[in-house]
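Now for the letters of each chain:
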Amino acid sequence: MGVLVVAYNAATTLARVLDRLPETFIAGVDHILIGDDASVDDTHAVATAYQSGSSLPLTVVRHPENLGYGGNQKAGYRWAISHGLDVVVLLHGDGQYAPEVIEDLVEPLLAGDADAVFGSRMMRRGAARAGGMPAYKYVGNRILSTMQNALTGLELTEWHSGYRAYRVDALADLDLGAYSDDFDFDTEIILGLHAAGKRIVEVPIPTYYGDEICYVNGMRYARDVTADVVRFRAAQMGFGSGSTGLDETAYALKPSPHSSHGRLLGWLGRRSPGRVLDVGCSDGQFGALVREQGHHVVGVDIVKHDGVGDRLDDFVEADLERGLPDTGEPFDVVVAADVLEHVTDPAHLLKDMTAALAPGGRILVSVPNFGHWYPRGRVAIGRFDYDQRGPLDQGHVRFFTRRSFERLVTSNGLRIVARDTVGSPVDVLARGREETTVGAVANGVAAADRAATRVWPTLFGYQFLYVLERV
């Protein structure tokens, strides 16, 4: 177990912070790293003097250049990972956070109940103001935390505490190098943990405001953390190339009736139970819903995700880039939901899918629309780049407009039985928050987007869906 003490111009407070660490906690500590972020006072001299006269397992590092609050943490966490630590606690050298309660942060990690533990000054009603938090900071904290919870779906009492403890293996799973070097690093790491499915626990901590100097520009900080969560939500919806932990290996199920998965499930629900092949089944959550309709579902994908074998009737691990493997008896329906754009030769895979059909069988397909206003706009202004999902998903190797995809279909001996178009997944913003202002606004925007999609599907359509059969 280790402690990362981030320090900048903390010469007058650092020694007292270290003195306040509980003896019972120190007994279990292997390393304490003091990261002096190129302080212009005597922080480094104080730290080295303390090191020479203390039995604590101290390492003192002085960065030759100021890395920033986030950059200092990155350096410390890389150090924790390289030293094989299991747990690391972030402690500020200015004394703003009480070392006396450090064991409260570590306890849920040692018990295996969390991947990250945040100290919250807001968990106890009235405690923050009683501890001296200025009114403007208290109000700003509450407003920003409420907004961040609304946009991310989290329910943290406070996003802005710098008193935290982490499992080091959880940190190793995050792309910390892509995060900010500034004070909004603390927000970005929450987003990364959330996107990676890590468990976050809060514990109450006392509030203390003394004579420490605050180096945070409040307006800039509010702007940055707001931009972070908006970018995070936009990336989840398929807009923007933010890198805050969104590189999930399994594609998320989209259960809304207005989504591609919802429309495909509607088509399947109107068929008699039969054999269904789910090409590119991911973790099998979509296939599990198809099974609930009474179908026998076989999945194919390059990776066997945890639980996929339990969700489907059968699973075949195969690289679709090499074509469809032998999957046994013919199928009444072959589903390719957001798959053909991931292979370099979609015509070959489409032929394999056709060959897997039983007489009278049908293929259900969804593909993203490259003619959607978002990729069109990116290209028009010279800002084309790949995103983590959506029409410009970084895994896409082929792009389709409605015309180009339908030409692919007909050239491979298939006929379009039915087609549909779905709009942008704006309604995910309202999921679980239908009764809130955010939910109401999101639902209104989603309804307007669906209306625009009906009027001009090639511009506002996010995905095209088709029912295909042999000619």
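Computed from a prediction, not measured in an experiment: that's the story for all the values here. (Residues numbered from 1 in each chain as written. Predicted model: local features only at pLDDT ≥ 70, side-chain atom pairs only at ≥ 80, totals over all residues. Heavy atoms only, no water.)

In this section: the side chain of Asp 228. Relative to the assigned elements, Asp 228 resides in helix H10 (residues 218-237). Taking the relative accessible area as the measure of exposure, Asp 228 reaches 3% and is therefore buried. Ignoring anything within four residues of it in the chain, the contact list for Asp 228 reads Asp 184, Thr 187, Glu 188 and Leu 191. (Helix = DSSP H or I, 4+ residues; strand = E, 2+ residues; numbered from the N terminus. Buried < 20%, exposed > 50% of the residue type's maximum accessible area, 1.4 Å probe, protein only. Contact = heavy atoms within 4.5 Å.)

Next up on the list: the packing of aromatic side chains. The final tally for this structure, using the stated rule, is 14 aromatic pairs. Seen in terms of ring centroids, Tyr 77 and Tyr 166 are 5.6 Å apart; in terms of plane orientation they differ by 75°. Their pairing is edge-to-face. Of the two residues, Tyr 77 is situated in helix H4 (residues 68-82) and Tyr 166 in strand S6 (residues 164-167); the sequence distance between them amounts to 89 residues. Both residues of the pair, Tyr 77 and Tyr 166, belong to the buried class. (Phe/Tyr/Trp six-rings, centres within 6.5 Å; stacked < 30°, edge-to-face > 60°.)

Applying the stated criterion to the full structure yields 18 salt bridges. Here Asp 36 ties to Arg 62 by a salt bridge, and the two come within 3.4 Å at their closest N and O atoms. Of this pair, Asp 36 sits in strand S2 (residues 31-36) while Arg 62 sits in strand S3 (residues 58-62), and the two are 26 residues apart along the sequence. Residue Asp 36 is classed as buried on the basis of its relative accessible area of 0%. A relative accessible area of 38% means that Arg 62 is categorised as partly exposed. (Salt bridge = Lys/Arg side-chain N within 4 Å of Asp/Glu carboxyl O.)

Turning our attention to unusual backbone geometry. Across the chain, the bulk of peptide bonds are trans and the bulk of non-glycine residues have phi less than zero. Phi is positive for Asn 9, which is not a glycine, with a value near 55°. Positionally, Asn 9 belongs in the loop between strand S1 (2-7) and helix H1 (14-19). The class of Asn 9 is partly exposed, set by a relative accessible area of 22%. A positive phi angle is found at Ser 282, which is not glycine, with a value near 55°. Assessed through its relative accessible area of 10%, Ser 282 is described here as buried.

Most often, soluble globular proteins keep nonpolar side chains buried together rather than apart. By size, the foremost hydrophobic cluster in this structure holds 35 residues, and its most contacted members are Val 5, Leu 21, Phe 25, Ile 32, Ile 34 and Tyr 163. Secondary structure elements with two or more residues in this core: S1, H1, helix H2 (23-26), S2, helix H3 (43-52), S3, strand S4 (87-92) and helix H5 (102-110). Examining the composition of this core, we find that four residues originate from one element, H5, more than from any other. By size, the runner-up hydrophobic cluster in this structure holds 31 residues, among which are Leu 4, Tyr 69, Leu 156 and Trp 159. (Core = buried A, V, L, I, M, F, W, Y, C linked by side-chain atoms within 4.5 Å.)

Moving on: the packing of H4 against helix H9 (residues 185-195). Viewed as axis vectors pointing N to C, H4 and H9 meet at an angle of 50°, and their least axial separation amounts to 9 Å. By the angle class used here, H4 and H9 are oblique. Two secondary-structure elements touch here, H4 through Tyr 69, Gly 70, Gln 73, Lys 74 and Tyr 77 and H9 through Phe 185, Asp 186 and Ile 189. (Axes fitted to C-alpha atoms, helices over the stretch in contact; angles between N-to-C directions. Parallel < 35°, antiparallel > 145°, perpendicular 65-115°, else oblique.)

With mixed pairing, the seven strands of this open sheet are ordered in space as S10-S9-S8-S11-S12-S14-S13. The open sheet has two edge strands with one neighbour each: strand S10 (314-317) and strand S13 (414-422). The average angle at which neighbouring strand axes cross in this sheet is 15°, direction not considered. In this sheet, strand S9 (residues 296-301) lies alongside strand S8 (residues 275-279) in parallel orientation, the contact comprising five bridges. Each bridged residue has a counterpart across the sheet, and for Arg 275 the counterpart in S9 is His 296. (Pairing = 2+ DSSP bridges.)

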